[in-house]
Amino acid sequence: MTEPVIELHEVSRRYDDGRTALRQASLTVCRGEAVAVLGPSGSGKSTLLHLIAGLDRPDAGTVTVDGVRVDRLDETGSALYRRSKIGMVFQFFHLVDDLTVAENLVLPARLAGTGRAEAKRRAAELLENLGIGRHTRAYPGRLSGGERQRVAVARALMNRPPLLLADEPTGALDSAAGQEVSRLLQDLNADGQTLVVVTHDLALARACTNRTVRIGDGRITEDTAAQDPAAEAVR
Ligand SMILES: Nc1ncnc2c1ncn2[C@@H]1O[C@H](COP(=O)(O)OP(=O)(O)OP(=O)(O)O)[C@@H](O)[C@H]1O
Ligand SMILES: [Mg+2]
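Let me begin by describing the structure that accompanies this report. The structure presented is a predicted model; accordingly, all values stated were derived computationally and were not measured. (Residues numbered from 1 in each chain as written. Chains lettered and ligands numbered in written order. Predicted model: local features only at pLDDT ≥ 70, side-chain atom pairs only at ≥ 80, totals over all residues. Heavy atoms only, no water.)

## Points about the sheet that holds strand E4 (residues 60-65)
Inference 1: In spatial order, the strands read E2-E1-E4-E5; together these 4 strands make up an open sheet with antiparallel pairing. Unpaired on one side and paired on the other, strand E2 (20-30) and strand E5 (68-69) mark the two borders of the sheet.
Inference 2: Inspection of the sheet shows strand E1 (residues 4-14) paired to E4 by 5 bridges, in the antiparallel sense. Within E4, the position partnered with glutamate 7 by the bridge is threonine 64.
Inference 3: Against the sheet, helix H1 (residues 45-52) makes contact with E1, E2 and E4, and its axis sits at roughly 125° relative to E1, the strand it touches most. (Pairing = 2+ DSSP bridges. Helix = DSSP H or I, 4+ residues; strand = E, 2+ residues; numbered from the N terminus. Contact = heavy atoms within 4.5 Å. Axes fitted to C-alpha atoms, helices over the stretch in contact; angles between N-to-C directions.)

## Remarks on the nonpolar core
Inference 1: If you look at the biggest cluster of nonpolar residues, it comprises 35 residues, and the most contacted ones within it are Val89, Leu105, Val151, Val153, Leu164, Leu185 and Leu188.
Inference 2: Sorting the residues of this core by element identifies helix H3 (101-111), helix H4 (116-129), helix H5 (145-157), strand E7 (163-167), helix H6 (175-190), strand E8 (194-198) and helix H7 (202-208) as the ones contributing at least two each.
Inference 3: Among the elements that line this core, the one with the most residues is H5, at 6 residues.
Inference 4: Excluding residues within four positions of it along the chain, valine 89 makes contact with Gln149, Ala152, Val153, Ala156, Leu164, Leu165, Ala166, Asp167 and Pro169.
Inference 5: Ala53, Val65, Val70 and Val198 belong to the second-largest nonpolar core, a separate cluster that totals 27 residues. (Core = buried A, V, L, I, M, F, W, Y, C linked by side-chain atoms within 4.5 Å. Buried < 20%, exposed > 50% of the residue type's maximum accessible area, 1.4 Å probe, protein only.)

## Focus: H1
Inference 1: Among the 8 residues of H1, 6 are classified as buried, and the element is accordingly described as predominantly covered.
Inference 2: For H1, the full list of buried residues reads Lys45, Thr47, Leu48, Leu49, Leu51 and Ile52.
Inference 3: Looking at the residues trailing H1, positive phi occurs at glycine 54, about 70°.

## Concerning the packing of H5 against H6
Inference 1: In contact at an axis separation of 8 Å, H5 and H6 are set at 25° when each is read in the N-to-C sense. Relative to H6, H5 is oriented roughly parallel. Note on packing geometry: the crossing formed by H5 with H6 is right-handed. Residues Gly146, Glu147, Gln149, Arg150, Val153 and Leu157 of H5 touch H6, and the partners they reach there are Ala177, Glu180, Val181, Leu184 and Leu188. (Parallel < 35°, antiparallel > 145°, perpendicular 65-115°, else oblique. Left-handed = near helix turned anticlockwise from the far one by under 90°.)

## Digging into the site of ligand 1
Inference 1: Around ligand 1, 13 residues are found, and the nearest of them are Ser41, Gly42, Lys45, Ser46 and Thr47.
Inference 2: Serine 41 places a side-chain nitrogen or oxygen 2.5 Å from an oxygen atom of ligand 1.
Inference 3: One of the side-chain nitrogen or oxygen atoms of lysine 45 is found 2.7 Å away from an oxygen atom of ligand 1.
Inference 4: Counting residues per element, the shell around ligand 1 draws most heavily on H1, at 3 residues.
Inference 5: Considering only residue class, the shell around ligand 1 consists of 3 nonpolar, 7 polar and 3 charged. (Near = heavy atom within 4 Å. Polar contact = N/O pair within 3.5 Å; in protein donor to acceptor, adjacent residues only side chain to side chain. Nonpolar A, V, L, I, M, F, W, Y, C, P; charged D, E, K, R; others polar.)

## Concerning a nonpolar patch on the surface
Inference 1: On the surface, Val96, Leu107 and Leu111 cluster together to form a nonpolar patch covering roughly 240 Å² of accessible area.
Inference 2: Of note, valine 96 is situated in the loop between strand E6 (86-89) and H3. (Patch = residues over 30% accessible without salt bridge, like charges linked within 9 Å, V, L, I, M, F, W, Y side chains within 5 Å. Areas by Shrake-Rupley, 256 points an atom, 1.4 Å probe, with all protein chains shown as cover. Salt bridge = Lys/Arg side-chain N within 4 Å of Asp/Glu carboxyl O.)

## Here we look at a positive patch on the surface
Inference 1: Positive charge collects at one region of the surface, where Arg110, Arg116, Lys120 and Arg137 lie side by side.
Inference 2: You can see arginine 116 is positioned in helix H4. (Lys, Arg positive; Asp, Glu negative; His and termini not counted. Charge placed at Lys NZ, Arg CZ, Asp CG, Glu CD.)

## A look at the sheet that holds E6
Inference 1: One open sheet accounts for 6 strands, arranged E6-E7-E8-E3-E9-E10; its pairing is mixed. The sheet terminates laterally at E6 and strand E10 (219-223), the two strands that pair on one side only. Direction aside, neighbouring strands of the sheet carry axes that sit 20° apart on average.
Inference 2: In terms of strand pairing, E7 meets E8 through 5 bridges, oriented parallel. Paired with alanine 166 across the bridge in E8 is valine 197.
Inference 3: Where H5 meets the sheet, its contacts fall on E6 and E7, and the angle it forms with E6 comes to roughly 170°.
Inference 4: On top of the sheet, H6 reaches strand E3 (34-38), E7 and E8; it is set at about 150° to E8, its chief contact.

## A closer look at the packing of H3 against H5
Inference 1: The geometry of H3 relative to H5 is characterised by a closest axis approach of 8 Å and an angle of 25° between their N-to-C directions. Classed by the angle they form, the pair H3 and H5 counts as roughly parallel. For the pair H3 and H5, the crossing hand works out as right-handed. The segment H3 lies against H5, with Val101, Asn104, Leu105 and Pro108 engaging Val151, Ala154 and Arg155.
Inference 2: Class assignment for the residues of the contact of H3 with H5 results in 5 nonpolar, 1 polar and 1 charged.

Next comes the structure, spelled out in structure tokens:
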């Protein structure tokens, strides 16, 4: 349980226009943890996820995930890293509308080198497990928001990533669909999946995570797992 999966060490990210999204943020997430990242709009939450996913690079500090120095990867290395280590769930699903549900899932597995038959088998199994097996041949446009977000979660899990990152996974959903996704994340973590969930939704944070990190103006201002007195003093 105490093996670190994500290690951010004094990470700063400043954009070309002078905006600073993160200021010396340090965070360690261990295997099996479910962490909620909360904070006002513009505080740096998505930037933090993008740095962990290797979609962006820090200006200072180090990002290590599952032993890989993510901040040092080139473009190819970064794409390979994402395929093997990261499952990402975006706020607005980002499904390919011209592909069926099953094809949306098969795609990342094929890119990662999985054979077609095995990818199809895995897709069918995941869709069944997530309660959307009957939509395998449907196109995403026909599904409800909650169902689409479930497909997005299933796709993120196709390559069995050590780490699942979700950016506002219930942001575009009504409360019933939000609860569906919340239960799903809860179940995944109960099965041992490590989760980092960015959200404005306190109910989601409470329901499916066991640790809360707050960000304000690019700094980590609160961490319910923090042990050191300096971090405690910030509360
Ligand atoms: N590509 C970019 N170029 C310039 N500034 C950016 C870029 N991406 C983010 N920023 C700025 O960095 C800061 C943090 O942005 P970020 O998207 O991480 O916030 P957030 O906490 O995810 O906000 P929200 O809750 O609205 O999604 C903001 O001031 C934002 O305007
Ligand atoms: Mg954001």
